[in-house]
Amino acid sequence: MRETLVVGAGIAGLVVARELVLHGHRVRVLEAGERAGGQVAGHRVAGIPLDAGAEAFATRGGIVRDYLQRLGLADRIVAPIDAPAWLHARTGTTVPLPAVSLLGIPSAPLSQDVVAVVGLRAAWRGMADALLPGPVGSTATTLGELVRRRMGDGILEKLVAPVVEGIHSTHPDDLPVAVAPGLVHHLLRENSLARAVARLRIDAPAGSLVAGLDGGMSTLVDALLAELDRFGVPIEYGVRVAEVHPDRVVLAVDPDAAAGSAVGSDAEPEGEVREGLVVVAAPGLVSPVSGRAADRTATHLVTLVVDADHDDTRALADAPRGTGVLVAKNTEVAARALTHVSAKWAWVRAAAPGREVLRLSYESAPTIDRARRDAEVLLGVSIPEARVVAAEATTWMRAGRIEAGESIPITGEQVAGTGLAAVIDHAQRLAERLGAPERALDPSDPALSVERTDP
Ligand SMILES: Cc1cc2nc3c(=O)[nH]c(=O)nc-3n(C[C@H](O)[C@H](O)[C@H](O)COP(=O)(O)OP(=O)(O)OC[C@H]3O[C@@H](n4cnc5c(N)ncnc54)[C@H](O)[C@@H]3O)c2cc1C
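Reference entry: report on the structure contained in this document. Given the structure is predicted, the values throughout are model-derived calculations rather than measurements. Chains are numbered independently. Their residues run from 1 in the order of the written sequence. With the structure being a predicted model, the display of local features is reserved for residues of pLDDT at least 70 and the display and counting of side-chain atom pairs for 80 or more, all residues being used for whole-chain, interface and lining totals. Where side-chain values are given, they derive from all heavy atoms of the structure, hydrogens and water being excluded.

Take the sheet that holds strand S12 (residues 235–236) next. Strand pairing is defined by DSSP finding a minimum of two bridges between the two strands. Secondary structure elements are taken from DSSP: a helix is a run of H or I of four residues or more, a strand is a run of E of two residues or more, and numbering for both begins at the N terminus. One open sheet holds the 4 strands; their spatial order is S12-S2-S1-S17, and the pairing between them is parallel. Each edge of the open sheet is held by one strand with a lone partner, namely S12 and strand S17 (277–280).

Here is the structure:
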């Protein structure tokens, strides 16, 4: 039987590889790096095991939960503490996010916690939502357009944008409405965006929008690797694919080259050729539709481990600001978001007695001292330099979306959208559509094309 070559061993590649094996494929995975998992990885800082990349998954639709259950990880699923995140607003104040809200969209625009962030004028404009007919904004394609039409610019820019940027690294004007499944449906039923939010939150109380794994999300990578090992699927590390065609790949001559790969290029192949049915689960490709490579952006993280067993740092443990703080643009703080990791996850708290673990994210690389000072502002406590027992900086390069064609099956976040829920869902559905090896031999069959899922 001809091999199926899965390019990339991130979560998308590992999931699609496992599912294809279950459909009867003989699978081989080709991975450019020296480890599997891609943006899901573990690291130790001051001896504490932590997530270096993704640390949670969206619980909506139960997609990830079901998948983890199938991998035998159901009893490792954990909820974060049940407390709202905070927002460092444009005014420079740091306040809890409105208790009942979705991506910052409030269920009660005139409530005190909303007024504290956006001011009275913008809050009153938000109330117009209750007077507008249901269809207003219901055909919006982006979340930004929907919120602007229903609740105005103030609520969009001062409240929704910082939350969305903190979670999805993009402005709501660039995020499809589908990022909040059911929101438009409930808007039309309730004739109000605020009431639609309230309705959705009744089904998903605070804290349950995301979940994690005891021991970190890298537990998922270990479980998938164990599965592939059980099925005898080889993973070749240090193998960078330079070119992909429906029936073969060409390997890069220099596997360390970071340049984008090409799909279906007519250039003479220079590297080694591997034959098989090709499934792509790696970013950095050129879209077979637009001919353009996905844009790549960097996310810089700094993890700080603070000794909180002293009088001058005890406040850090005693007064956490929920799970962390999202940051509005144009404030004195350079960080985009802070996660109070040891407050958010009980398993981290247990693994780090007497320590507080903070993780800050940035668009451009900060110094460790900048991260420490940002943490002081965001958490409203003093964190003396001498109390920082360890600090680690990590940079992630992420590829934006590309348009998938039908000639080569592609999965992963560049077609599925960001986040483990979207990525796992898409990879499973691609494997399902490809089905048994003999069926998958003709990937140009339109019946095999996978609809895009949004994050
Ligand atoms: C800091 C950070 C925090 C995040 N937090 C969350 C979170 O809390 N919750 C959530 O749901 N999502 C989160 N995400 C997003 C989530 O991790 C990603 O959407 C998801 O892991 C993407 O998986 P993927 O397999 O599509 O891509 P990747 O993880 O990027 O994997 C792609 C793999 O392909 C390999 N590869 C690339 N090019 C080639 C090539 N030419 N040849 C061979 N191999 C190649 C790469 O080395 C990599 O191993 C976060 C991401 C980051 C960076």
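So much for the structure itself; the text now carries on.
If you check the shell around the ligand, you find 33 residues, and the closest are Glu31, Gln39, Ala56, Glu413 and Leu420. The definition of a polar contact used here is a pair of N or O atoms within 3.5 Å, where within protein one atom must be able to donate a hydrogen and the other to accept one, and adjacent residues in sequence count solely through side-chain atom pairs. Separating a nitrogen atom of the ligand from a backbone N or O atom of alanine 56 is a distance of 2.6 Å. The backbone of leucine 420 places a nitrogen or oxygen atom 2.7 Å from an oxygen atom of the ligand. Taken by itself the ligand offers 1,000 Å² of open surface, and the protein chains cover 88% of this. Among the elements of the structure, helix H1 (11–22) and strand S22 (388–399) are those that each provide at least two residues to the shell around the ligand. Both of domain 1 (3–41 + 217–294 + 400–448) and domain 2 (56–97 + 206–215 + 296–398) provide at least three residues apiece to the shell around the ligand. When we say a residue is near a molecule or strand, we mean one of its heavy atoms is within 4 Å of it. Residue-level accessible areas treat just the shown protein chains as cover; the underlying method is Shrake-Rupley with a 1.4 Å probe. For the domains described, the bounds stem from an automatic or database domain assignment.

This next bit is on the pairing of strand S14 (residues 248–251). Bridge count for strand S13 (residues 241–245) against S14 is 4 bridges, and the pairing is antiparallel. Considered in S14, the bridge of histidine 245 is made with arginine 248. In this antiparallel pair of consecutive strands, S13 and S14, the connection spans 2 residues. The pairing of S14 with strand S16 (residues 273–275) spans 3 bridges and is antiparallel. Within the sheet, the bridge partner assigned to valine 250 lies in S16 and is valine 273.

This brings us to the sheet that holds strand S21 (residues 355–362). On the basis of which strands lie adjacent, the open sheet formed by 7 strands has the order S8-S7-S19-S20-S21-S18-S22 and mixed pairing. Of all the strands in the sheet, the pair left with one neighbour each is strand S8 (94–96) and S22. If you compare each strand with its neighbour and ignore which way they point, the axes differ by 20° on average. Each of strand S7 (86–88) and strand S19 (324–327) touches helix H6 (residues 153–168); the most contacted strand, S19, lies at about 115° to it. Any two residues whose heavy atoms approach within 4.5 Å are treated as being in contact. Axis lines are fitted to C-alpha atoms, over the contacting stretch for helices. Their N-to-C directions set the angle, which ranges from 0 to 180 degrees. Strands S7, S8, strand S18 (296–307), S19, strand S20 (337–340), S21 and S22 of the sheet are contacted by helix H13 (residues 368–379), whose axis makes an angle of about 105° with S21.

As a further point, take a nonpolar patch on the surface. Without a salt bridge and with relative accessible area above 30%, a residue can belong to a patch; like charges are then joined within 9 Å and nonpolar side chains (Val, Leu, Ile, Met, Phe, Trp, Tyr) within 5 Å. The salt bridge criterion pairs a side-chain nitrogen of Lys or Arg with a carboxyl oxygen of Asp or Glu, the two atoms within 4 Å. Together, Leu110, Leu120, Trp124 and Met127 give the surface a local cluster of nonpolar side chains, amounting to about 390 Å² of exposed area. You can see tryptophan 124 is positioned in helix H4 (residues 120–127). The buried label applies to any residue whose accessible area, calculated with a 1.4 Å probe on protein chains only, is under 20% of its type's maximum; exposed applies above 50%, and partly exposed to all values in between. Residue classification places tryptophan 124 among the exposed residues on the basis of a relative accessible area of 54%.

Inspection of the secondary structure puts leucine 30 in strand S2 (residues 26–30). With a relative accessible area of 1%, leucine 30 lands in the buried category. Aside from chain neighbours lying at most four places away, what touches leucine 30 is Val6, Val7, Gly8, Ala9, Glu236, Val239, Val241, Val249, Leu251 and Arg274.

We define a nonpolar core as any set of buried Ala, Val, Leu, Ile, Met, Phe, Trp, Tyr and Cys residues linked to one another through side-chain atoms lying within 4.5 Å. Judged by nonpolar contacts, the single largest core of 41 residues is most densely connected at Val6, Ile11 and Leu220. Of the residues that make up this core, three or more belong to each of domain 1 (3–41 + 217–294 + 400–448) and domain 2 (56–97 + 206–215 + 296–398). Excluding residues that lie within four positions of it along the chain, isoleucine 11 makes contacts with Gly37, Val40, Leu220, Val221, Leu224, Leu420, Val423 and Ile424. Within the second largest apolar cluster, 37 residues are counted, among which are Val95, Val118, Val163 and Leu326.

On to empty space enclosed by the protein. Buriedness for pockets is judged along seven lines, at least five of which must meet protein on both sides within 12 Å for an open set on the 1 Å grid over protein atoms alone, while cavities are sets there where a 1.4 Å probe fits but cannot get out, and lining residues have an atom within 4 Å of a point. Grid points are joined across faces, edges and corners, and a volume is the space filled by probe spheres set on the points. If you walk through the whole model with that rule in mind, you get 1 cavity of 30 Å³ or more. Size it by volume and the largest cavity reaches roughly 80 Å³. If you trace the largest cavity, you find it lined by Leu50, Asp51, Glu55, Thr303, Val341, Trp345, Trp347, Val348, Val357 and Arg359. When contributions to the lining of the largest cavity are tallied by element, the ones reaching two or more residues are strand S4 (48–51), helix H12 (346–351) and S21.

By the element assignment, glutamine 428 lies in helix H15 (residues 420–434). The class of glutamine 428 is buried, set by a relative accessible area of 15%. Ignoring anything within four residues of it in the chain, the contact list for glutamine 428 reads Val15, Glu19, Ile63, Tyr67 and Arg70.

To estimate how far a helix should extend, the number of its residues minus one is multiplied by 1.5 Å. Given a rise of 1.5 Å per residue, 12 residues ought to cover 16 Å, and the 17 Å separating the end C-alpha atoms of H1 matches this to within 8%. With respect to burial, H1 is a largely interior element, 11 of its 12 residues being buried. Of the positions making up H1, those classed as buried are Ile11, Ala12, Gly13, Leu14, Val15, Val16, Ala17, Arg18, Glu19, Leu20 and Val21. Looking one or two residues past H1, glycine 24 carries a phi angle of roughly 100°, positive in sign.

What follows concerns the pattern of salt bridges. Taken as a whole and assessed by the stated rule, the structure comprises 29 salt bridges. Across the pair arginine 70 and glutamate 19 runs a salt bridge whose closest N-O atoms are separated by 3.9 Å. Of this pair, arginine 70 sits in helix H2 (residues 63–70) while glutamate 19 sits in helix H1, placing them 51 residues apart in sequence. Its relative accessible area of 7% is what places glutamate 19 among the buried residues. Ionic pairing is found between glutamate 376 and arginine 372, a salt bridge with its closest N-O pair at 3.5 Å. Here glutamate 376 and its partner arginine 372 are both found in helix H13, 4 residues apart, which amounts to about one turn of the helix. Using a relative accessible area of 10% as the deciding quantity, one classes arginine 372 as buried. Among the ionic contacts, a cluster of salt bridges with common partners joins Glu3, Arg26, Arg28, Glu236, Glu272 and Arg274.

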